[in-house]
Amino acid sequence: MKIATFNINGIKARAQALTDWLDTAQPDVALLQEIKSVDEAFPRELFEERGYNVETHGQKSFNGVAILSKLPLEDVRRGLPGDDTDEQARWIEATVVGRQAIRLCGLYLPNGNPAPGPKYDYKLAWMDRLRARAADLLASEEPAMMAGDYNIIPQPVDAAKPEAWVEDALFRPESRAAFQRITNLGFTEAIRSRHPQQAGLYSFWDYQAGAWQRNNGIRIDHILLTPQAADLMTDCGIDKEIRGFEKPSDHVPVWVELDL
DNA sequence: ATGGCTGTCCCTGACAGA
């Protein structure tokens, strides 16, 4: 089963690029971020006609997450637990049943800039709530994954120009420590586990300053697997080539292949 | 060397993104 995460940066602007990628890559499940659409405006028929079940957690103009799945989605939950006043649509989870069941969580972690400031405080508070949910997933001792746009550059090797990011919310020590606290609970970060030292693995290139042409990228989209899910991983990758296609998102898909 | 973009909205500039 191939499961991918992809920050599409707006479903209206990305309908063509997204369906082109789906038709080529053929993921069984796609966790989408930044749909920038309310649920009613999401063009679900584009995906239903390709055999996907569609669940969304949308918001007007900003944020918004969705799950596309060729297998039925069960027990869908929307919103990251831990703060009933949080109105930003950044979290959706559901169970997919293959040969065995896996809990899939799609997330769009807050950017946090400018830092320091209230947006950075919100990011770190959100990561506290994420850690709590992550601990619960591990305690279940079942296959589960948390995948999405983490807006975290984990290590200097994950940026073409790490020195340019030292003051940025994506790379500040508190951000990276919060991410590490989560992974240290016992998750496997798919791409880095398969390529421990490799530089040049990126999932985002800014639209500005010819970042793609200069390969000035960062790796901020991640797939975290519980031990029971990590045991099932047979492959993973980054579909970087679509960044150079017509009208691309600034992110590219990251995916894992699981034996289930 | 510098500056460079894109998407959204009761739209045409402000805000957000990273």
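Everything discussed here concerns the structure shown above.
Residues numbered from 1 in each chain as written. Chains lettered and ligands numbered in written order. Predicted model: local features only at pLDDT ≥ 70, side-chain atom pairs only at ≥ 80, totals over all residues. Heavy atoms only, no water.

### Examining the overall build of chain A
Going by this rule: Helix and strand assignments come from DSSP, with helices taken as H or I runs of at least 4 residues and strands as E runs of at least 2, each series counted from the N terminus. We compute the radius of gyration over the C-alpha atoms and compare it with the globule rule, which gives 2.2 Å times the number of residues raised to the power 0.38. Think of it in three bands: residues with accessible area under 20% of the maximum for their type are buried, residues over 50% are exposed, and the middle band is partly exposed, with areas taken using a 1.4 Å probe on protein chains only. Contacts are assigned to residue pairs with any non-hydrogen atoms lying within 4.5 Å of each other.
Helices and strands together make up the secondary structure of chain A, namely 6 helices and 14 strands. Here the C-alpha atoms of chain A give a radius of gyration of 17 Å, agreeing with the 18 Å that 2.2 N^0.38 yields for 260 residues. Within the span of chain A, comprising 260 residues, buried residues form 53% of the whole. Look at the contacts in chain A between residues 6 or more apart in sequence, and 68% of them connect residues 24 or more apart.

### Here's the deal with the layout of surface pockets
Where we set the bar: The definitions used throughout rest on a 1 Å grid laid over the protein atoms alone, on which a cavity is an enclosed set of points accommodating a 1.4 Å probe that cannot get out and a pocket is an open set flanked by protein within 12 Å on both sides along at least five of seven lines; lining residues are those having an atom within 4 Å of a point. Grid points are joined across faces, edges and corners, and a volume is the space filled by probe spheres set on the points.
By volume, the largest pocket amounts to about 420 Å³. In this structure, the largest pocket is lined by 23 residues; those nearest its centre are Glu34, Tyr108, Asn111, Gly112 and Asn151. Here the second largest pocket is characterised by a volume of approximately 260 Å³. With 8 residues, the top contributor of residues to the lining of the second largest pocket is helix α1 (residues 11-25).

### A few points about the protein's contact with DNA strand B
Basically, it comes down to this: Being near a molecule or strand, for a residue, means having at least one of its heavy atoms within 4 Å of it. Polar contacts, as counted here, are pairs of nitrogen or oxygen atoms within 3.5 Å of one another; within protein the pair requires one atom able to donate a hydrogen and one able to accept it, and residues that are adjacent in sequence qualify only if both atoms are side-chain atoms. For this classification, the nonpolar set comprises Ala, Val, Leu, Ile, Met, Phe, Trp, Tyr, Cys and Pro, the charged set comprises Asp, Glu, Lys and Arg, and every other residue, Gly included, is treated as polar.
Neighbouring residues of DNA strand B: 28 residues in total, closest Glu34, Lys60, Ser61, Asn111 and Arg214. For DNA strand B, the fraction of protein-proximal atoms (within 4 Å) that sit in sugar or phosphate groups is 69%. The contact in question runs from a phosphate oxygen of DNA strand B to an N or O atom on the side chain of Arg14, over 3.3 Å. Between DNA strand B and Tyr108 there is a distance of 2.9 Å, counted from a phosphate oxygen to a side-chain nitrogen or oxygen. By residue class, the composition of the surface near DNA strand B is 9 nonpolar, 8 polar and 11 charged.

### Overview of helix α3 (residues 118-139)
For the record, the criterion: One fewer than the residue count of a helix, multiplied by 1.5 Å, yields its expected span.
In this model α3 runs 32 Å from its N-terminal to its C-terminal C-alpha over 22 residues, within 8% of the 32 Å that 1.5 Å per residue would give. By the burial criterion, the buried members of α3 are Tyr120, Lys123, Trp126, Met127, Arg129, Leu130, Arg133, Ala134, Leu137 and Leu138. Contacts made by the buried residues of α3 are with β6 (91-97), β7 (101-108), β8 (144-149), α4 (173-183) and α6 (227-230). The positive-phi residue at the C-terminal boundary of α3 is Glu141, with phi of around 55 degrees.

### A look at the packing of aromatic side chains
Test applied: Centres within 6.5 Å are what make two rings of Phe, Tyr or Trp a pair, Trp counting through its six-membered ring; a difference in plane orientation under 30 degrees is then read as stacked, over 60 as edge-to-face, and the rest as tilted.
Counted by the stated rule, this structure contains 6 aromatic pairs. Between Phe6 and Trp21 the ring centres are 5.3 Å apart and the planes differ by 70 degrees, which places this aromatic pair in the edge-to-face class. Within this pair, whereas Phe6 is found in strand β1 (residues 2-7), its partner Trp21 is found in helix α1, the two being separated by 15 residues in sequence. Each of the two residues, Phe6 as well as Trp21, counts as buried. For the ring pair Phe42 and Phe47, a centre distance of 5.5 Å and an interplane angle of 25 degrees mean the geometry is stacked.

### Some remarks on α1
The end-to-end C-alpha distance of α1 is 18 Å, clearly below the 21 Å that 15 residues give at a rise of 1.5 Å each. Along α1, the residues that are buried comprise Ile11, Arg14, Ala15, Leu18, Thr19, Trp21, Leu22 and Ala25. Those residues of α1 that are buried lie in contact with β1, β2 (29-33), α2 (45-48) and β4 (65-69). Just downstream of α1, Gln26 is the residue with a positive phi angle, here 55 degrees.

### Some remarks on the pattern of salt bridges
Here is the rule we go by: Here, a salt bridge means any side-chain nitrogen of Lys or Arg that lies within 4 Å of a carboxyl oxygen of Asp or Glu.
As enumerated under the stated definition, the model contains 17 salt bridges in all. The closest approach of N and O atoms between Arg78 and Glu55, which form a salt bridge, is 2.7 Å. Placement of Arg78 in strand β5 (residues 73-78) and of Glu55 in strand β3 (residues 53-57) is noted, with a sequence separation of 23 residues between them. Of the charged contacts, one joins Asp158 and Arg219 as a salt bridge, the two residues approaching to 2.8 Å between their closest N and O atoms. Linking Asp158 in the loop between β8 and α4 with Arg219 in the loop between β11 (217-218) and β12 (221-225), this pair joins segments that are 61 residues apart in sequence. By the burial criterion, Asp158 is buried, and Arg219 matches it.

### Regarding the environment of Pro253
Here Pro253 lies in the loop between β13 (233-238) and β14 (254-258). Given a relative accessible area of 0%, Pro253 falls into the buried group. Put simply, Pro253 and Gln26 are 227 residues apart on the chain and 12 Å apart in space, counted from C-alpha to C-alpha. Contacts of Pro253, omitting those with residues within four sequence positions, involve Thr5, Phe6, Trp21, Gly237, Ile238, Asp239 and Ile242.

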